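Summary of the model geometry
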Amino acid sequence: MGTAAALARSDPRPAAELLGLGHWLLDHEETALPPTLAAHDARVTGLVEAP
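Below, the structure is looked at part by part. (Residues numbered from 1 in each chain as written. Predicted model: local features only at pLDDT ≥ 70, side-chain atom pairs only at ≥ 80, totals over all residues. Heavy atoms only, no water.)

Quick look at the overall build of the protein chain
Within the protein chain, the secondary structure is distributed over three helices and zero strands. Secondary structure elements of the protein chain, listed N to C terminal, follow the sequence α-α-α. Overall, the protein chain is about 30 × 20 × 15 Å in size when its C-alpha atoms are taken along their principal axes. When burial is assessed residue by residue, the protein chain has 20% of its 51 residues classed as buried. Partitioning the intrachain contacts of the protein chain with sequence separation of at least 6 by distance along the chain shows that 57% fall at a separation of at least 24. (Helix = DSSP H or I, 4+ residues; strand = E, 2+ residues; numbered from the N terminus. Buried < 20%, exposed > 50% of the residue type's maximum accessible area, 1.4 Å probe, protein only. Contact = heavy atoms within 4.5 Å.)

Describing unusual backbone geometry
Unusually for a residue other than glycine, Glu30 sits at a positive phi of about 50 degrees. Tracing the sequence through the fold places Glu30 in the loop between helix H2 (12–28) and helix H3 (35–47).

Here we look at the nonpolar core
It is characteristic of soluble globular proteins that their nonpolar side chains tend to be buried jointly. With seven residues, the main nonpolar core is built from Ala4, Ala8, Ala15, Ala16, Leu19, Val44 and Val48. Counting residues per element, this core draws most heavily on H2, which supplies three residues. (Core = buried A, V, L, I, M, F, W, Y, C linked by side-chain atoms within 4.5 Å.)

The structure is reproduced here in structure tokens:
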């Protein structure tokens, strides 16, 4: 998720793929991000089109 956030503005295509994988892993492990990271994730997700 951190790498996706770093790429979001400069290279949105791989950032979207990484976000998709990160979300898949979180769902697969039945884990949620802490609220502060979830808010950051929401902002980054808004910058890219998730696959």
